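Structure at a glance
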Amino acid sequence: MPKRSKTLPALPSRQEVLAFLRTHPGAGKREIVRAFDLGSGERAALKDLLRELADEGLVDRRKKRLHVPGALPAVVVAEITGRDSEGELLAEPVEWDAAEHGPPPKVRVHIPRQRRAASPPPGVGDRVLLKTEESADEAGHVRHAGRVLKVLDKSKARILGLYRRLPGGGGRLVPVDKKSLGRELSVPAGAEGQAEDGDLVSADLVRQGRFGLNTARVRERLGSIASERAISLIALNAHGIPHVFSPAVLAEAEAARPAPLDDYEDWRALPLVTIDPADAKDHDDAVHAAPDPDPGNPGGFILTVAIADVARYVRPGSALDREAKLRGNSVYFPDRVVPMLPERISNNLCSLRPNEERPALAVRMVISDGGKKLRHTFHRVMMRSAAKLAYPQAQGAIDGRPDEATAPLIEGVLRPLWAAYAALKEARAARGPLDLDLPERKVILKPDGSVDRVIVPERLDAHRLIEEFMILANVAAAETLEHKKTPLVYRVHDQPSLEKLESLRTFLATLDIALPKAPVQRPSHFNSILARVAGSDTAQLVNEVILRSQAQAEYAAENYGHFGLNLRRYAHFTSPIRRYADLIVHRAMIRALKLGDGALPESITREELAETAAEISVAERRAMAAERDTVDRLIAHHLADRIGASFEGRIAGMTRAGLFVKLAETGADGFVPAATIGADFFRFEENRMALVGERTGETFRLGDTVTVKLVEAAPVAGALRFELLSEGRLEAPAPRSGKRAVRRLTGKVARRSGRTRK
């Protein structure tokens, strides 16, 4: 921004400051002073102005950095959605919280006249990485423009569905997307390609008419829905997750050779152990603890965390590197794992197998008797794991049930680990991270790939021990790289927005719980509420509502801290086999400490790291969505033969259209249309998160325990539809406000559980 003329008022207006922060996200007071050429006399007034903007919620403070809530980041992943009246491409950000910031902004996409020949032009439906800019017209309306840095995914203009052959020739295409339920397409004879009845196919929309079914042509047969692993196959294709390694990537992996000892510090005598899930195949972290012999640190410990040296084998710019960056992370389904790296790397050369030499990046940390980290050092080492342990196995040994593998390790290895963990627990309690209690369900499959049962695995101290060791190592990595002024990718988690906090405060008030209006929210504010409801009927509901109020963690080249963990700086360092972000941090560490080959290139810029961070954040959310969809489809298959059965559940969400119910038995989610709930006008009262009958006052609230009947299951889409059998609580009828009710009385009396409702 050009310097201001001395003839103008020295202090910028509120609008000018906001406009500057929109185009310079993350700027601080110093940058504003420099941009507007302010003297020392105006700086106090600027400080007051910034405080006013923050108090009004117009500016977010992240340490010393300032952001305009709802403003687009400088680099954003966007999808091109159409064209404006002048024919220019328009895009919308892929990750945008409409509930918090309103409708997503339209970004006018600039296509340079001189393009590289190898770079295809973007089109409608493509996903692109944009460098964004904001400007304001004469009326003050904000306009968004973007320059395409990279086309991430060309539009495939396809429909994914299940092909069903008809007796007379041709067939029907049943879409797998929940939003397209009931919208079958016709596949004319001759347009089915190689598809057989029951195949999952990719198809092109050929004709859209006003009447009759739309017509599609099969493009590709993806596999039989009757085969094993068919459910995850749907998710892989629906979300566009790469799952087949190219010959070049496989050839590069096969050509890799074990690392020589000469390049590393020899730590093979240190009895590091891996502690992982029982079915884990890639072991990328090992731990060790011992009392600190230093008399100046009585009761302290020396902790060691060794992490597989993936940077040794996956070099920047290689085929392996490009594929890992594209995938972003490994994806875990109940029936398969889609790894970020080929098995030759992930399960062999980099996996810290017991009694085998493996290269690693290790951090040695000295902690006090209260768990405070006093100092740390990083090393590139050759290690040899003393044992491969599963969580229940390690826990059993500590609890007095050792087996053949753990018995020799109890005194020298396991007890010191648990003693160090006891100290780390004290430090965690003092730090006060967000302490949500939300058990995760796990689907157990039969040999044929169908669901056997759904369980909630027990949360053991062994899990918490590894978690605390890894957090401490991640903090040490971020601190070292900041100290060395080496660029890196942070793991960041913003504090909740003012809008979400206000919505949470309103809802908690309906439970007679007050959320304090503190100038700055801290995890401790939420923890006090969670402690108050612990063990009550509303505990799970309050945990889930507080979770929904939180921002989503992501990767970024700019640090604004981790709110949930209550940490000032944090970077993922401990899982480079399955997360590309960790590989970047390893390369940065090698560069910062001059540890040898595989370093982060000196030429890489912070802007390039910001682009990569945006891409892998999208890949992470893509993986989460695919994993969730797969579990939904598996459970829908599991319940498909139980139509008419009754289940206990809880109201987990609601809209004007009806209720979402989560079943207690399986954790499955299903929908109850409002039109099937009794014989009343039900209005959605958002501030209370309730559906309320206008005439009777019958009320269904978020978190209520209900009984439902399964009336429809769509396994391919993972969708369930329920009928509500329970009655709501009776409250005062909702006052008529002239607003449209959730549904209109049809004159028919609804029947529920064989009983007439009046």
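Scroll up for the structure.
The structure contained in this document is the topic of the report that follows. (Residues numbered from 1 in each chain as written. Predicted model: local features only at pLDDT ≥ 70, side-chain atom pairs only at ≥ 80, totals over all residues. Heavy atoms only, no water.)

Examining the overall build of the chain
When helices and strands are counted, the chain shows 16 helices and 36 strands. Sorting the 758 residues of the chain into buried and exposed places 50% on the buried side. A separation of at least 24 residues holds for 66% of the contacts in the chain among residues at least 6 apart in sequence. Counting only carbon and sulfur atoms, one obtains 50% of the accessible surface of the chain, whose full area is about 36400 Å². (Helix = DSSP H or I, 4+ residues; strand = E, 2+ residues; numbered from the N terminus. Buried < 20%, exposed > 50% of the residue type's maximum accessible area, 1.4 Å probe, protein only. Contact = heavy atoms within 4.5 Å. Areas by Shrake-Rupley, 256 points an atom, 1.4 Å probe, with all protein chains shown as cover.)

Some thoughts on the sheet that holds strand 30 (residues 690–693)
Taken in spatial order, the four strands line up as 29-30-31-34 in an open sheet, and their pairing is antiparallel. Both edges of this open sheet fall to strand 29 (682–685) and strand 34 (729–730), since each of them pairs with a single strand only. Strand direction decides the pairing type here: strand 29 and strand 30, joined by four bridges, are antiparallel. When the sheet's bridge partners are listed, Arg 683 is paired in strand 30 with Val 692. (Pairing = 2+ DSSP bridges.)

Some points on the pairing of strand 11 (residues 199–207)
Bridge count for strand 8 (residues 159–165) against strand 11 is four bridges, and the pairing is antiparallel. Looking at strand 11, one finds that Gly 161 is bridged to Val 201. Where strand 11 lies against strand 12 (residues 215–224), eight bridges are found, and the strand directions are antiparallel. Of the residues in strand 12, the one forming a bridge with Arg 207 is Thr 215.

A look at the nonpolar core
Where a protein is soluble and globular, its nonpolar side chains tend to be buried together. Membership of the largest hydrophobic core comes to 95 residues, with the highest contact counts inside it found for Leu 303, Val 305, Ile 345, Leu 414, Leu 417 and Phe 469. Among the elements that line this core, the one with the most residues is helix 11 (residues 461–483), at eleven residues. Sequence-distant contacts of Leu 414, defined by excluding residues within four places in its chain, comprise Leu 389, Ala 394, Ala 397, Ile 398, Thr 406 and Leu 409. Counting 47 residues, the second-largest nonpolar core is a separate cluster that includes Leu 504, Val 545, Val 631 and Leu 724. (Core = buried A, V, L, I, M, F, W, Y, C linked by side-chain atoms within 4.5 Å.)

Here's the deal with the pattern of salt bridges
Scanning the entire structure with this criterion turns up 40 salt bridges. A salt bridge links Lys 106 to Glu 92; the nearest nitrogen and oxygen atoms lie 2.6 Å apart. You can see Lys 106 sitting in the loop between helix 4 (98–101) and strand 5 (107–110) and its partner Glu 92 sitting in strand 4 (residues 89–93), a full 14 residues away along the chain. Lys 106 gets classed as partly exposed once you look at its relative accessible area, which sits at 43%. Across the pair Glu 502 and Arg 505 runs a salt bridge, and its minimum N-O distance is 3.0 Å. One end of the pair, Glu 502, and the other, Arg 505, are both in helix 12 (residues 498–509), three residues apart, so they sit about a helical turn from each other. (Salt bridge = Lys/Arg side-chain N within 4 Å of Asp/Glu carboxyl O.)

Digging into the packing of aromatic side chains
This structure, assessed with the given rule, holds four aromatic pairs. For the pair Phe 660 and Phe 671, a centre-to-centre distance of 4.9 Å together with 50 degrees between the ring planes defines the contact as tilted. With a gap of eleven residues between them, Phe 660 in strand 27 (residues 658–663) and Phe 671 in strand 28 (residues 669–673) connect regions that are remote in the sequence. The class for Phe 660 is partly exposed, based on a relative accessible area of 35%. Phe 671 gets classed as partly exposed once you look at its relative accessible area, which sits at 22%. Measuring from centroid to centroid gives 6.0 Å for Phe 682 and Phe 700, while their planes differ by 40 degrees, and the two rings are tilted. (Phe/Tyr/Trp six-rings, centres within 6.5 Å; stacked < 30°, edge-to-face > 60°.)

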